[in-house]
Amino acid sequence: MKSFLRLAGCRPIFPLISLCLALAVSGCASVPLKEGGTLTSYSNLGAPKGTLSKSRVYVDGQRLTAVKTISIVPTSFAFSAASRVKSDADRLMVSNALDRALCIALSDKYQLVPAGQPADMTIRSVVTDIVPTNKAMAGVATAVTVGTGFVLPIGVPRLPVGLGGLAVEAEAVDSGGVQRAAMVWARGANSIQNKPRVSQVGDAYGLASKFGSDFSRMLIAGKEPKGLDISLPSRQRMQSLLGGKPKYAACDAFGRAPGLVGAVAANYGAPPEWTDKKPKPLMTH
C-alpha cells in the first residue's frame, strides 16, 4: 500500500493532511466577552457559558409569552469595534447580516414590524468587538482547501491562521423600556466550521448570522437554549435563506440572503460583498 501511494505521488499530501487536522483541533480565534455599556442592565445576566460561542444571557420567559409584534433597530457598532474595520460598507454588511438573521428566524413566531413603529418588543444589538480576518491568509487557506479538494476525497480543514471573530451584545425591551431578554456573546472563527473568505469581515459576516440565530432561538423558546439546534427550518425560513421574499416586509430593510449563489461563492473564498443582497430603497409616493 505504501508503495502504491508513493508511486501515485501521494506521499507529500498525507503529512499535510495530518498537520492540518492537528492544527484544526486547536485552531480557533480567541474573542473574549465584552460589555459595551449599551444594555439597559447587566445585573440580570447569568454566568458565562459555552465553548465555541461564549455568552451571558437573561430571559424573562413569562413576559415573552404575551409578545406578538417585534421591531428590530438596525445594529450599530461600538467605537472600538468600528475603528477596526476600515470600510463603512463592510460594517453595514455585517450589521445587515445580523439583523436579517434575527428577522427571518423571529418570523417563525412573531410579526415583524419596521423599526420606529409601535411593537410589543424592540430589539437593539451592538457589535462590541471585531477581530478582522487576515485577507492574505484567507486567500492562502482557500487555495489549499480548494486545491486539495480536486485531489483528495475529503476536504482539508482551513489553516488556523488569520481567523476573525465577533462580539455582540443585544437586548429585547418591552413597550415600557423594560429589559425582557439580553445576551452578551462572543465567538471566534474556527478551522472546521468557518470557510475562509477574502475580506476583512469575512468571518464576522458569517458569525453575525450565528449570533442572530442564537439570540432569536432564545426569544422563541423563552429560555436559555440547551445544546445544538437540530430542528429543521420552517418553510418561510427556508424560502428566505434561499434569497426569496421574506414572510414580513420589515425584513427587507436588511436585504435578502445570498442564497445558493452565496453558498457557492463562499466555498471558493469570494468576498461576501460579491453576493450579499443590499436592502432596496423604499418606494416613496
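Residues numbered from 1 in each chain as written. Predicted model: local features only at pLDDT ≥ 70, side-chain atom pairs only at ≥ 80, totals over all residues. Heavy atoms only, no water.

Caption draft 1: Just the packing of helix H5 (residues 88–106) against helix H7 (residues 202–221), in detail. Axis separation between H5 and H7 bottoms out at 8 Å; the angle between their running directions is 30 degrees. Regarding the angle of H5 to H7, the classification is roughly parallel. Seen from above, H5 lies across H7 with right-handed handedness. Facing Met93, Val94, Ala97, Leu98, Arg100, Ala101, Leu102, Ala105 and Leu106 of H5, the residues of H7 in contact are Ala204, Tyr205, Ala208, Ser209, Phe211, Gly212, Ser213, Phe215, Ser216, Leu219 and Ile220. Residue composition of the contact of H5 with H7, grouped by class: 15 nonpolar, four polar and one charged. (Axes fitted to C-alpha atoms, helices over the stretch in contact; angles between N-to-C directions. Helix = DSSP H or I, 4+ residues; strand = E, 2+ residues; numbered from the N terminus. Parallel < 35°, antiparallel > 145°, perpendicular 65-115°, else oblique. Left-handed = near helix turned anticlockwise from the far one by under 90°. Contact = heavy atoms within 4.5 Å. Nonpolar A, V, L, I, M, F, W, Y, C, P; charged D, E, K, R; others polar.)

Caption draft 2: Representation of the packing of aromatic side chains in the model. One pass over the structure, following the stated rule, counts two aromatic pairs. On the numbers, 5.4 Å between centres and 70 degrees between planes, the contact of tryptophan 185 with phenylalanine 211 is edge-to-face. Linking tryptophan 185 in strand S6 (residues 179–188) with phenylalanine 211 in helix H7, this pair joins segments that are 26 residues apart in sequence. The class of tryptophan 185 is buried, set by a relative accessible area of 1%. (Phe/Tyr/Trp six-rings, centres within 6.5 Å; stacked < 30°, edge-to-face > 60°. Buried < 20%, exposed > 50% of the residue type's maximum accessible area, 1.4 Å probe, protein only.)

Caption draft 3: Looking closely at the state of the cysteines. Per the stated rule, a full pass over the model turns up one disulfide. A disulfide bridge connects cysteine 103 with cysteine 251, and the sulfur atoms are separated by 2.1 Å. Taking the sign of the torsion about the S-S bond as the criterion, the disulfide between cysteine 103 and cysteine 251, at about -85 degrees, is left-handed. Remark: cysteine 251 occurs in the loop between helix H8 (235–241) and helix H9 (259–267) and cysteine 103 occurs in helix H5; sequence separation between them is 148 residues. Of the two residues, cysteine 103 and cysteine 251, neither departs from the other in class, the shared state being buried. (Disulfide = S-S within 2.5 Å.)

Caption draft 4: Up close: the sheet that holds strand S2 (residues 69–77). The mixed open sheet is built from six strands, whose spatial order is S1-S6-S5-S4-S2-S3. For this open sheet the edge positions go to strand S1 (53–59) and strand S3 (111–113), each flanked by a neighbour on one side alone. For this sheet, the mean angle separating the axes of adjacent strands, direction not counted, is 20 degrees. In terms of strand pairing, strand S4 (residues 121–131) meets strand S5 (residues 165–174) through 10 bridges, oriented antiparallel. Directly across from isoleucine 123, in S5, lies its bridge partner alanine 172. Those strands touched by H5 are S2, S3, S4 and S5, and its axis lies near 160 degrees from that of S2. Along the sheet, H7 contacts S1, S4, S5 and S6; its crossing angle with S6, the most-contacted strand, is approximately 150 degrees. (Pairing = 2+ DSSP bridges.)

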